[in-house]
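Read off the chains here:
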Amino acid sequence: MSLIKIKNLSFTYANAEEPAIKNINLTIDKGEFVLLTGPSGCGKTTLCRCLNGLIPHFYTGEMQGDVIIDGFNTREHPVYELAQKVGLVFQDPENQLVSLNVEKELAFAPENLGLPREEIRKRVEEALQLLKIEHLRYKAPYELSGGEQQRVAIASVLTLKPKILVLDEPTSNLDPKGAEQVLKTIKDLNEKLNVTIILIEHRLDLILPYTTRVILMNRGEIVLDSSPEKAFCSNIPEEIGVDIPVSIKLYNELSRTGVKFNKVPLCAKDAAELLAGVIK
Ligand SMILES: Nc1ncnc2c1ncn2[C@@H]1O[C@H](COP(=O)(O)OP(=O)(O)OP(=O)(O)O)[C@@H](O)[C@H]1O
Ligand SMILES: [Mg+2]
């Protein structure tokens, strides 16, 4: 059974004239690592809000179609129940962190669920270890760097043990080093715990090697859904104004001049290996 099933989904925000997303049909299986991309305003964040029930329960507007998460129709289950299936992490972790220190922050959601004290303690310890933030346990959110805050934000949704993690531009406020650490953590969660990942991210060079599927949106619709290699070798990203990784630009240019490669380089390291093969 698919973990996520979206059927004929459209959503128009109250007061908006046009739907922000329209006719979305999508199934995602357990363990997939999906990159969601597309130009600004194409509906990426709106689609994320549909995945954990913020739409239709929090944002007002008109929703058509259905979103089924692990057998739950989002229309029929409140956000706190869906949060146990889908963890949503935003761009700006500061607004997501509300507690006095990291340990309390991580205990917050499982406490609200009314879990037994011992289970809460166990989950907090696990999340601290997974994100390698044990040393930050007694720090206040405002004492942390952006990258540390983002790792705490991810840890805090993991305490609910969701099967799906949706991350909306989690690295856009981070420096390259912080971004790399956060993206590596996300990859580990996917590889080691088989958490299904849906990620909106602009640092393609860092993330494409881990990605199993790319979904491109434009004007509220899905315009391409394929492997990363196929997606970025097609003309569609350029037509709709989506960034193409430099390694694939190079590959496309060289392919046009007749140089043949046996694979598409998804990052600088791949490109360097391929070029080294040609130069020899
Ligand atoms: N809370 C809201 N109320 C009304 N309209 C909204 C709201 N949030 C988004 N929109 C509109 O819905 C459309 C899709 O926006 P959305 O934020 O989903 O795009 P996005 O692809 O995430 O863009 P970006 O890359 O800039 O984050 C836009 O036209 C936007 O103005
Ligand atoms: Mg957005």
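For the structure itself, consult the block above.
Procedures and definitions
- Residues numbered from 1 in each chain as written.
- Chains lettered and ligands numbered in written order.
- Predicted model: local features only at pLDDT ≥ 70, side-chain atom pairs only at ≥ 80, totals over all residues.
- Heavy atoms only, no water.
- Near = heavy atom within 4 Å.
- Polar contact = N/O pair within 3.5 Å; in protein donor to acceptor, adjacent residues only side chain to side chain.
- Areas by Shrake-Rupley, 256 points an atom, 1.4 Å probe, with all protein chains shown as cover.
- Helix = DSSP H or I, 4+ residues; strand = E, 2+ residues; numbered from the N terminus.
- Axes fitted to C-alpha atoms, helices over the stretch in contact; angles between N-to-C directions.
- Parallel < 35°, antiparallel > 145°, perpendicular 65-115°, else oblique.
- Left-handed = near helix turned anticlockwise from the far one by under 90°.
- Contact = heavy atoms within 4.5 Å.
- Nonpolar A, V, L, I, M, F, W, Y, C, P; charged D, E, K, R; others polar.
- Buried < 20%, exposed > 50% of the residue type's maximum accessible area, 1.4 Å probe, protein only.

A. View of the site of ligand 1. Surrounding ligand 1, one finds 13 residues, the nearest of these being Ser40, Gly41, Lys44, Thr45 and Thr46. Within the contact set of ligand 1, an oxygen atom lies 3.2 Å away from a backbone nitrogen or oxygen of cysteine 42. Contact between ligand 1 and threonine 45: an oxygen atom at 2.8 Å from a side-chain N or O atom of the residue. Burial of ligand 1 by the surrounding chains reaches 60%, relative to a free accessible area of 640 Å². For the shell around ligand 1, the element with the most residues is helix 1 (residues 44–51), which contributes four residues.

B. Expanded view of the packing of helix 6 (residues 146–158) against helix 7 (residues 176–193). Running from N to C, helix 6 and helix 7 point in directions that differ by 20°, and their axes come no closer than 9 Å. Taken as axis vectors, helix 6 and helix 7 run roughly parallel relative to one another. The way helix 6 lies across helix 7 gives a crossing that is right-handed. Across the interface between the two elements, Gly147, Gln150, Arg151, Ile154 and Leu158 of helix 6 pack against Gln181, Val182, Thr185, Ile186 and Leu189 of helix 7. The residue inventory of the contact of helix 6 with helix 7, partitioned by class, reads five nonpolar, four polar and one charged.

C. Region of interest: unusual backbone geometry. Looking along the chain, the bond that leaves isoleucine 55 and enters proline 56 is cis, with omega of 10°. Looking at the secondary structure, you find proline 56 in helix 2 (residues 54–57). Its identity as a non-glycine residue notwithstanding, asparagine 23 has a phi of 50°, on the positive side. Relative to the elements of secondary structure, asparagine 23 occurs in strand 2 (residues 21–28). Phi at lysine 132 is positive, roughly 55°, even though this residue is not glycine. Of note, lysine 132 is situated in the loop between helix 5 (117–130) and helix 6. You can call lysine 132 exposed: its relative accessible area is 52%.

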